[in-house]
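Topology and contacts: notes
Chain residues, written in single-letter form:
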Amino acid sequence: MQFEYIIEGGNFSKAGTASSLFKKVLKQLNVDPKLIKRTVVALYEAEVNIVAHAYNGVIRIDIDTERIYINLTDKGPGIPDIELAMQKGYSTATPEVREMGFGAGMGLSNIKANADNLRIQSEVGKGTTVEIEFLLKED
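1. Quick notes on the pattern of salt bridges
Scanning the entire structure with this criterion turns up five salt bridges. The shortest N-O distance in the salt bridge between Arg60 and Glu4 comes to 3.1 Å. Note that Arg60 is positioned in strand β2 (residues 56-63) and Glu4 in strand β1 (residues 2-8), a separation of 56 residues in sequence. A relative accessible area of 41% means that Arg60 is categorised as partly exposed. On the basis of relative accessible area, Glu4 is assigned to the partly exposed category, the value being 49%. Of the charged contacts in the structure, one is a salt bridge between Glu133 and Arg67, with a shortest N-O distance of 2.8 Å. Placement of the pair is Glu133 in strand β5 (residues 127-135) and Arg67 in strand β3 (residues 67-75), with a sequence separation of 66 residues. Among the residues examined, Glu133 registers a relative accessible area of 16% and is labelled buried. With relative accessibility at 26%, the residue Arg67 sits in the partly exposed group.

Rules used in this analysis
- Residues numbered from 1 in each chain as written.
- Predicted model: local features only at pLDDT ≥ 70, side-chain atom pairs only at ≥ 80, totals over all residues.
- Heavy atoms only, no water.
- Salt bridge = Lys/Arg side-chain N within 4 Å of Asp/Glu carboxyl O.
- Helix = DSSP H or I, 4+ residues; strand = E, 2+ residues; numbered from the N terminus.
- Buried < 20%, exposed > 50% of the residue type's maximum accessible area, 1.4 Å probe, protein only.

Below is the structure:
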């Protein structure tokens, strides 16, 4: 199954809509609640990063019997130093974004903590691609 969500940069009133919609899908598929939580936390953080930092972006999700694969691609300023951006508390969010309660610098580190696999590619002045993978394990 494949899903696609278009994300508008700067539209904080819709931030979290894609992750909320996808959470409903995972519940309908009877995915383990612990995996739902991990997936939705990571997806929400990545979605808010697009809203806060990029002009626009696309979330593509692929689910099969072995994994949930999420690809987020944005057009924006890019990340000059990914290693630095991965540090808890590091943020480039504007004061306006922080006033709205976003931009605490926990996004990328929260994604990493919840994902089974994470890959980030970024080109300054062009945008960022984040790939997040969750493995479906049979109990």
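Next comes the rest of the description.
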